[in-house]
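# Tertiary structure, described
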Amino acid sequence: MRTLADLVLPGSTVALRCDFNVPLDPQGEITDDLRIAGALPTIRALQQAGSRVVILAHLGRPKGEVSSLSLAPVARRLSELLGSTVAFSTNPSGDQRVIDSLELGEVALLENTRFDPRETSKDPSERAELAAIWAKWADAFVSDGFGVVHREQASVTELANMLPSAAGLLVARESEVFARLLEGAERPYTVILGGSKVGDKLGVIESLLPKVDSLLIGGGMAYTFLLAMGLEVGDSISQPDFVDTVKGFLTKAEELGVNLMLPVDFVVADRFAPDATTQIVERSDIPAHSMGLDIGPRTRELYSQVIAKSATVVWNGPMGVFEMPAFAGGTLAVAQAMAACPGFTVIGGGDSAAAVRILDVNEQAFDHISTGGGASLEFLEGKELPGLTVLKGK
Ligand code: ADP
Ligand code: MG
C-alpha cells in the first residue's frame, strides 16, 4: 500500500479524507471524539511536511443538505484538539477562496461531503464528476478515513484514482493490524463476538473459524446459538432463520477442533428497561417470559480465563445491553480481561469501542481500538475493501 512517503508533500495542497462520523447528542454536541483524535497524527504529519490540508469528511446519512448534520461543530472540536484554527468551508466541493487563503501548514475542513448526492451515487460517472471538482484544487489525495474504506464513494475511491494518492497513518495502521489478524496472528488466537444480531456476523464467523483456537460468543447472537442447540430462549433476541447456518458453525468448529464457547449462564430480565427485575439463570433455564440481556457471572469467569491465556485477542460486539448499567457487567468483564491480557489485543470498532469508553476501561491497555465498525468487520470477513484497493501498487 502506498504511504505518505510516496507523495511529494512540501508546498502541496492535499485533499485528506477523514472519518469524522461522530456520535451527536440531541443538542448536536459531539459525545465521543475518538475518530477526530484518530486523524490528528496524519494531519500533523502533513502540516509538518509543509502541505495545505483540506479535509473531506461526512456525517450521518443526509439526503441533500441537512443542517443538523453540518460538520461545523467538528471543525470547532478539531481546532481545539489541534491547537490551531481550522477554516471551514460551507461548500462540500470546496470554495476556491477558502483554499487560496490557506498558508502552508494550515488546515481547512469542507462541509459534509454527503450533502452532495454525487458522493454516494451508484453511478460511477456521477461520483467521478464530483471527484474532478476536488481534484482541480488538490495536488494529492490522502485516505485516512478507515471507517469508509469499504465504500465506493467519490471521496474514497474516485478521487484516489485521479490524483497521486496514499494511505494516511491511521489507515496504514488499521490495515496492518487487520491484515495480521487475518494472516499471521500469534496463537493461541481468541475471537470474542457479541452484539445484537448473529446475522451481521455470519461472514466473520465463517472467515475466522478456520484461523482461531477459541471463539467466544456473547450478546444477542448467543440466543440463536442456543436455539441451534435445542434450548429455549424465552423472549431473548434471536434470528430463527439462521439456526441452520449456526448449526453448521457448531459442526465446523468441532471438525476443526476450535474451542467454540457459548455462555453457560445469563442475566435475564422481565422487560427491556434499566430498572427491570433481573435474575441469573443457567442457559437451560431461561424462563418463558424473560429476555437474556447479559452473560452471567460464571460465563464471565470462563471467558476471562481463556482471554488471559491468549496471545492474540480480537473482540467485536458487546456481551450484553451495556448501555444499561444492570446489563453492562459481561461487557465490562471481557474488556477488563482483555486489558489485563499481555497478548496482542484489538477491539473491532463500532459499539464495542464505544463500550470501552463508556465503561471507563483504560484504553491505553489495548494494542488497537479500531475507528471503523463496518470496515473492520468486512476486513475480517476477508472481503476486498475498494478504498484500500485503490491505494495498492506503486
Ligand atoms: P458492534 O457495533 O460492536 O459490531 P452491534 O452493533 O452488533 O455491535 O451490537 C451492539 C448492540 O447490541 C448494543 O446496542 C447492545 O445493547 C446490543 N445487545 C447486546 N446484547 C444484547 C442482548 N442480549 N439483547 C439485545 N441487545 C443486545
Ligand atoms: Mg454497532
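What counts, and where the lines are drawn
Residues numbered from 1 in each chain as written. Chains lettered and ligands numbered in written order. Predicted model: local features only at pLDDT ≥ 70, side-chain atom pairs only at ≥ 80, totals over all residues. Heavy atoms only, no water. Helix = DSSP H or I, 4+ residues; strand = E, 2+ residues; numbered from the N terminus. Contact = heavy atoms within 4.5 Å. Patch = residues over 30% accessible without salt bridge, like charges linked within 9 Å, V, L, I, M, F, W, Y side chains within 5 Å. Areas by Shrake-Rupley, 256 points an atom, 1.4 Å probe, with all protein chains shown as cover. Salt bridge = Lys/Arg side-chain N within 4 Å of Asp/Glu carboxyl O. Lys, Arg positive; Asp, Glu negative; His and termini not counted. Charge placed at Lys NZ, Arg CZ, Asp CG, Glu CD. 1 Å grid on protein atoms, 1.4 Å probe; cavity = no way out; pocket = protein on both sides within 12 Å on 5 of 7 lines; lining within 4 Å. Points joined across faces, edges and corners; volume = space filled by probe spheres on them. Nonpolar A, V, L, I, M, F, W, Y, C, P; charged D, E, K, R; others polar. Pairing = 2+ DSSP bridges. Axes fitted to C-alpha atoms, helices over the stretch in contact; angles between N-to-C directions.

## Things to note about the environment of Val264
Note on placement: Val264 falls in the loop between strand S9 (259–261) and strand S10 (265–269). On a C-alpha basis, the gap between Val264 and Glu282 in space is 6.1 Å, while along the polypeptide they are 18 residues apart. Ignoring anything within four residues of it in the chain, the contact list for Val264 reads Val281, Glu282, Arg283, Arg298, Thr299 and Leu302.

## Brief notes about a positive patch on the surface
Taken together, Arg61, Lys63, Lys122 and Arg151 make up a surface patch of like positive charges. Along the chain, the position of Lys122 falls in the loop between strand S4 (107–110) and helix H4 (124–137).

## Brief notes about the layout of surface pockets
Of the volumes computed, that of the second largest pocket is approximately 370 Å³. For the second largest pocket, the lining is made up of 17 residues, of which Leu34, Gly38, Leu170, His368 and Ile369 are closest to its centre. Secondary-structure elements contributing two or more residues to the lining of the second largest pocket are helix H1 (34–48), helix H6 (169–182) and strand S15 (368–369). At five residues, H1 tops the list of elements feeding residues into the lining of the second largest pocket. Among the residues making up the lining of the second largest pocket, the classes are represented as seven nonpolar, five polar and five charged.

## Focus on the sheet that holds strand S5 (residues 140–143)
The strands making up a sheet are joined through hydrogen bonds of the backbone, oriented either antiparallel or parallel. Strand order in the open sheet formed by six strands is S3-S4-S2-S1-S5-S6, with parallel pairing between adjacent strands. The open sheet terminates on both sides in strands that have one partner only, identified here as strand S3 (86–89) and strand S6 (165–167). On average, each strand axis in the sheet is tilted by 25° relative to the strand beside it, whichever way the strands run. Across the sheet, helix H2 (residues 72–82) lies against strand S2 (52–56), S3 and S4, angled at about 170° from S3, the strand it touches most.

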